[in-house]
Amino acid sequence: SRRLRHGPASTSYTGMRSDATATAVSVKEVAVVSCDKDGNGPSKEEEISSPMVPFRALFRFYGPTEQLMLAFGLLCCAIGGASFPCINIAFGELLDSTASMANVAETTRNAVFFMIGVACVLGTSLFLGFGLVSWAAVRGANNTRREYVKSLMAQDVRFFDNARAGELAAATSERCQELQNGTAKKLGEFVQAMFAGVGGIGVGFYFSWKLSLVILAGVPLLVLATWFLIKSTTRLQQANPAYEKAGAVATESIGAARVVAALNSQSTAASRYESHL
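Overview of the structure. All figures in this text were calculated on a predicted structure; none of them were measured in a lab.

Definitions and limits used
- Sequence order sets the numbering: in each chain, residues are counted from 1 along the sequence as written.
- Under the rules for a predicted model, residues below a pLDDT of 70 receive no local features and side-chain atom pairs below 80 are neither given nor counted, while totals for whole chains, interfaces and linings still include all residues.
- By convention in this description, side-chain values take in all heavy atoms of the structure and omit both hydrogens and water.
- Patch members must show over 30% relative accessible area and no salt bridge, and they are joined within 9 Å when carrying like charges or within 5 Å when they are nonpolar side chains of Val, Leu, Ile, Met, Phe, Trp or Tyr.
- The Shrake-Rupley method, run with a 1.4 Å probe sphere, supplies the accessible areas, and residue values consider only the shown protein chains as cover.
- Should a side-chain nitrogen of Lys or Arg be within 4 Å of a carboxyl oxygen of Asp or Glu, the pair is scored as a salt bridge.
- We count a stretch as a helix when DSSP gives it H or I for four or more residues in a row; a strand needs E for two or more, and each element gets its number in order from the N terminus.
- Burial classes follow relative accessibility: with a 1.4 Å probe on protein chains only, a residue under 20% of its type's maximum area counts as buried, one over 50% as exposed, and anything between as partly exposed.
- Helix axes are fitted only over the stretch in contact, all axes being lines through C-alpha atoms; the angle between N-to-C directions runs from 0 to 180 degrees.
- Roughly parallel covers angles under 35 degrees, roughly antiparallel covers those over 145, roughly perpendicular covers 65 to 115, and oblique covers all other angles.
- By definition, residues are in contact when any of their heavy atoms lie within 4.5 Å.
- For this classification, the nonpolar set comprises Ala, Val, Leu, Ile, Met, Phe, Trp, Tyr, Cys and Pro, the charged set comprises Asp, Glu, Lys and Arg, and every other residue, Gly included, is treated as polar.
- N or O atoms closer than or at 3.5 Å make up a polar contact, with two conditions inside protein: a donor-capable atom paired with an acceptor-capable one, and, for residues adjacent in sequence, both atoms drawn from side chains.
- Rotating anticlockwise by less than a right angle from the far helix to the near helix defines a left-handed crossing, while the corresponding clockwise rotation defines a right-handed one.

## Let's talk about a nonpolar patch on the surface
(1) Moving on: A cluster of nonpolar side chains, contributed by Ile201, Phe205, Trp209, Leu213, Leu216, Val219 and Val223, occupies part of the molecular surface with about 590 Å² of accessible area.
(2) Moving on: Listed by contribution, the elements that provide at least two residues to the nonpolar patch are α8 (185-207), α9 (209-216) and α10 (219-237).
(3) Moving on: By relative accessible area, valine 219 is classed as partly exposed at 35%.

## Re the packing of α8 against α9
A pair of packed helices can be characterised by two numbers: the angle between their axes and the separation between those axes.
(1) Moving on: With their axes 6 Å apart at the nearest point, α8 and α9 run at an angle of 135 degrees to one another. Judged by the angle between their axes, α8 and α9 are oblique. Seen from α8, the contacting residues are Ile201, Gly204, Phe205 and Phe207; seen from α9, they are Trp209, Ser212, Leu213 and Leu216.
(2) Moving on: Tallied by class, residues from the contact of α8 with α9 come to six nonpolar, two polar and no charged.

## Things to note about the side chain of threonine 183
(1) Moving on: Take threonine 183: it is sitting in the loop between α7 (167-182) and α8.
(2) Moving on: Residue threonine 183 is classed as buried on the basis of its relative accessible area, which comes to 3%.
(3) Moving on: A polar contact is formed between the side chain of threonine 183 and the backbone oxygen of leucine 179, at a distance of 2.7 Å.
(4) Moving on: Apart from the residues within four sequence positions on either side, threonine 183 is in contact with Leu58, Phe59, Tyr62, Val133 and Ala137.

## Some words on the packing of helix α4 (residues 64-99) against helix α5 (residues 104-153)
(1) Moving on: Contact geometry of α4 with α5 gives a least axis separation of 7 Å together with a crossing angle of 160 degrees. By the angle class used here, α4 and α5 are roughly antiparallel. As for how α4 packs across α5, the hand of that crossing is left-handed.
(2) Moving on: Class assignment of the residues belonging to the contact of α4 with α5 gives a composition of 29 nonpolar, 11 polar and three charged.

Following this line, the structure appears as structure tokens:
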């Protein structure tokens, strides 16, 4: 979701650009779709050479409220992730209590109370973390959509000559949804998994550093598998421009359904749609 395209230069009408419009025009760096010379959507060269923006730029339309929600939510996700290794400690205490022949009742009681405490901390932190991060992502995506529409309204008329009807709407919906998904649950899961992994390694080295070193020997294989997964996902995302063009054809055909039916062009519209897939 971080691959964002830079659109054409914004040229607003003479005498109508205000400070708010100038701010809105900058949103073209987020979602405006550049078209090739034939007006058929983003060209392959532009798709490949589109630069990656900094990670902090994903949150450029977050207000103070969204930033506070995001910070507190990520903190809760970090606490929840760090609490996961404590579950193993609780189970270990419980197993040790059953193996001990002296004062079994008290040892078991302490282990059960410890597990209940870990469960409460884990459930509360993850509930607040994922809830606040997702809520902030929804609000940030809505802000992005509003600024995107303002940017479109500030474009010169010739910009719309190279964009098919419905293509910009399809691009807006898809890009903003990708931005929302990437900054919502996925971001919370990343923070949770990172702290869970670091905490698990710390607990492992604390109890048995030799066994932990043996387990860490398999980490390079996991890194290699993750790299292949990312490469495969990137290749699948390259098909998005084709779906945008197909969506534009579908929007045109459905919006003019009576004209298509009157001209008996249903098969032609279907062929145009399938040609982009």
